[in-house]
Amino acid sequence: MPSFTSKIAAFVAAWKNKEHNVFKIVFLCALVILVFDNQLLHATLIRILGGASPSGFVVYGAMVLILLASLYLLLSLFAMKHFTKPVLILILISASITGYFFDTYGVVIDDHMLQNVAETDTHEAAELLSWKMLAYLVFFGVLPATIVAFTKLEYKPFTRHLVWQGGYIAASLLIVGTLVLAFYKDVSIIGREHHELRYYMNPGYPLYSLVKFVRHAAADESEAPAPIGADAQEATSWQERGKKTLFVFVLGETATESHFSLGGYARDTNPHTRDQRVIFFDQVASCGTSTAESVPCMFSSLGRDNYSASAAASQENLLDVLTHAKIDVQWLDNNSGCKGVCNRVAHESVSSLQVPEVCRTDECYDEILLRSLQQHLAKAQGDSVIVLHQKGSHGPAYAKRHPPAFARFTPECLSDQVQSCDQQSVVNAYDNTILYTDYFLAKTIEMLKERERDFNTAMLYVSDHGESLGENGIYLHGLPYAFAPEEQKHVPMMLWLSEGYKQAYRIDDDCLEAKHSGGYSHDNLFHTVLGLMDVKTAAYVPTQDISRDCRVKT
């Protein structure tokens, strides 16, 4: 009697030697992707439909068939000789990786996320690699792709093949149409009330996002961006004010407002800035949920409602306007770049410097920015705006974002795979990064205080977006704004002004303190910075300037 191993070997040999109908293989690939690479979609559907109730089970079954027929239709479009195998292999492998990020972190692969991936550095990318990801790739991607690669596909003569292909596509459309009509009430309500489902459809939505991303990336960027605020000028020169102005804009990374004790968080994550007379603005809405989206948006004059990557790239931004006003602008970066914002001003990356006190072998802590800041302070000739782009609280390796001395909240998750840690240890590690950011901000303020004899000094801090720490099974950031949780959209913002600055620019900080809960957003930054620097330009919108009503009239 043949052994189990010999039976398997015989089956494999028979499979390899036999020609298989190409549309059968396409169907099997669609089934594999739907079952194994869409677990988040299935879990979300079951949750929406109320579990395994009889009526819910029937609707769930109908929607699964709709998805299977739709996926089969999509893959059937590529069922052409010389195209089928490469396309199926590529989709199987990419869908397995996408499925891993869907299932593990609850993130969505859209065009903004693809832009983040394209612009991230190797250290950040390496933190996302894991054995679990390898298992997904091998079992749900490489293994079925290998089977496809070694399978002999049967194609009918070209004309007959087109007829059969058209028939399968028509049958798929008929199945989808019939089921949608039969369950129209349920399907329409679910589709209307739960927009997030379309983002979880793998590989449909990632493929759509890839096309969108490639289209934007291929757009002609040879033309210079349209000027904004070319008429900009400071209302008074530094000679008239008696001292030059030094304005430091700290661009935070992945900090969520709800983890700042200055905003009411139960833990004391702001012991260093608490006594620095900073003004903390709460409930500030970010422009996006990723760096690639938020940073260009927050420095533009577009506002979130009018923002698009192409629109932002086609016109100048806040830094350009400040330059038009003859203000010296510098960008110092300890992150993965400025996303095009600093292209036309002086900029420097400090993330790869080798300073043992504040750097590890693979990256530097944010204090490296202060060393570069000190050098720029010594060379300042006139009014200056210096942007410090933090590494901040970028995940998932939160414990790597702060020196060991700042591990106050323990035990903290030390793994890059935060989903494998208990949630409290993830929160502990994250809170330690906020504690370190607070220390960094306090050190920045102290450095500015030391320069008050020569400068009117000020510091504005705001994060680009927030972070999910396992709430409802969601980690990291980057979910589409429409259904992203508040943790990803509410960011901290704080302002510190020296006495000299308040006098020179006639700012009433008690008035600003009273306005700390004004329901602000990144949309206010462009105009508020221009207002705080007293820059006059037609691009400035007074009603968007948080400080406008707090200037002492003369």
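Higher on the page you've got the structure.
Residues numbered from 1 in each chain as written. Predicted model: local features only at pLDDT ≥ 70, side-chain atom pairs only at ≥ 80, totals over all residues. Heavy atoms only, no water.

Together, Trp-131, Leu-134, Val-138, Phe-139, Val-142, Leu-143 and Ile-147 give the surface a local cluster of nonpolar side chains, amounting to about 710 Å² of exposed area. Note on placement: Phe-139 falls in helix H8 (residues 131-149). For Phe-139, a relative accessible area of 53% translates into the label exposed. (Patch = residues over 30% accessible without salt bridge, like charges linked within 9 Å, V, L, I, M, F, W, Y side chains within 5 Å. Areas by Shrake-Rupley, 256 points an atom, 1.4 Å probe, with all protein chains shown as cover. Salt bridge = Lys/Arg side-chain N within 4 Å of Asp/Glu carboxyl O. Helix = DSSP H or I, 4+ residues; strand = E, 2+ residues; numbered from the N terminus. Buried < 20%, exposed > 50% of the residue type's maximum accessible area, 1.4 Å probe, protein only.)

With that settled, the discussion passes to the packing of aromatic side chains. Following the criterion strictly, the structure yields 27 aromatic pairs and no others. Taking 4.8 Å as the distance between ring centres and 85 degrees as the angle between the ring planes, the aromatic pair formed by Tyr-199 and Tyr-205 counts as edge-to-face. Side by side, Tyr-199 and Tyr-205 carry an identical accessibility label, which is buried. Pairing Tyr-501 with Tyr-505 gives two aromatic rings, centres 4.4 Å apart and planes at 20 degrees, and the pair type is stacked. On the criterion of helical spacing, the pair formed by Tyr-501 and Tyr-505 is a turn pair, its members being four residues apart in helix H20 (residues 499-505). (Phe/Tyr/Trp six-rings, centres within 6.5 Å; stacked < 30°, edge-to-face > 60°.)

Our next topic: the environment of Asp-508. Tracing the chain through its elements places Asp-508 in the loop between H20 and helix H21 (509-514). Through-space distance from the C-alpha of Asp-508 to that of Cys-550 is 5.3 Å; in sequence the pair is 42 residues apart. Setting aside its immediate chain neighbours within four residues, Asp-508 contacts Cys-550 and Val-552. (Contact = heavy atoms within 4.5 Å.)

This next bit is on the environment of Gly-99. Tracing the backbone through its elements, the reader meets Gly-99 in helix H5 (residues 84-105). Using a relative accessible area of 0% as the deciding quantity, one classes Gly-99 as buried. In this structure the C-alpha to C-alpha distance between Gly-99 and Asn-38, which are 61 residues apart in sequence, comes to 6.1 Å.

Spatially, the seven strands line up as an open sheet ordered E5-E12-E9-E4-E8-E6-E7, and their pairing is mixed. Here the strands that pair on one side only, and so sit at the sheet edges, are strand E5 (279-285) and strand E7 (346-349). The mean inter-strand angle of the sheet, taken between neighbouring strand axes irrespective of direction, is 15 degrees. On top of the sheet, helix H18 (residues 423-449) reaches strand E4 (244-252), strand E8 (384-389), strand E9 (455-463) and strand E12 (490-497); it is set at about 165 degrees to E9, its chief contact. (Pairing = 2+ DSSP bridges. Axes fitted to C-alpha atoms, helices over the stretch in contact; angles between N-to-C directions.)

Summed over the entire model, instances satisfying the criterion amount to five disulfides. One disulfide in the model links Cys-287 with Cys-297; its S-S distance is 1.7 Å. In this structure the cystine formed by Cys-287 and Cys-297 twists about its S-S bond by roughly 55 degrees; its chirality is therefore right-handed. With Cys-287 in the loop between E5 and helix H14 (291-298) and Cys-297 in helix H14, this residue pair connects regions lying 10 residues apart in the sequence. Cys-297 matches Cys-287 in its accessibility class, with the two residues each being buried. Each sulfur in the disulfide pair Cys-359 and Cys-364 lies 2.0 Å from the other. Judged by the torsion about the S-S bond (95 degrees), the Cys-359/Cys-364 disulfide is right-handed. With relative accessibility at 11%, the residue Cys-359 sits in the buried group. Cysteine pairing in the protein follows 1-2, 3-4, 5-6, 7-8, 9-10, where each cysteine in a disulfide is numbered by its order in the sequence. (Disulfide = S-S within 2.5 Å.)

On to the packing of helix H17 (residues 367-379) against H18. The N-to-C vectors of H17 and H18 enclose an angle of 15 degrees; their axes lie 10 Å apart at closest approach. As summarised for this structure, H17 and H18 are arranged roughly parallel, according to the angle between their axes. Handedness of the H17/H18 crossing: right-handed. Contacts from Glu-367, Leu-369, Leu-370, Leu-373, Gln-374 and Leu-377 of H17 reach H18 at Tyr-436, Tyr-439, Phe-440, Lys-443, Thr-444 and Met-447. Split into classes, the residues belonging to the contact of H17 with H18 amount to eight nonpolar, two polar and two charged. (Parallel < 35°, antiparallel > 145°, perpendicular 65-115°, else oblique. Left-handed = near helix turned anticlockwise from the far one by under 90°. Nonpolar A, V, L, I, M, F, W, Y, C, P; charged D, E, K, R; others polar.)

To continue, consider the nonpolar core. By size, the foremost hydrophobic cluster in this structure holds 93 residues, and its most contacted members are Leu-75, Leu-388 and Met-459. The leading source of residues in this core is H18, at 10 residues. Membership of the second largest hydrophobic core comes to 49 residues, among which are Leu-251, Phe-281, Val-295 and Val-385. (Core = buried A, V, L, I, M, F, W, Y, C linked by side-chain atoms within 4.5 Å.)

Remark: helix H6 (residues 111-119) packs on H14, axes separated minimally by 8 Å, with the N-to-C direction vectors making an angle of 95 degrees. Between H6 and H14, the angle is such that the two are roughly perpendicular. Between H6 and H14, the contacting residues are His-112, Gln-115, Asn-116 and Glu-119 on the first element and Thr-291, Ala-292 and Glu-293 on the second. Of the residues assigned to the contact of H6 with H14, the class counts are one nonpolar, four polar and two charged.

This brings us to the pairing of E5. Here is the key point about a regular strand: its side chains alternate between the two faces of the sheet. The buried count for E5 comes to five of seven residues, which makes it a mostly enclosed element. Two elements, E5 and E12, share five bridges in a ladder whose sense is antiparallel. Note that in E12 the partner of Ile-279 across the bridge is Leu-495.

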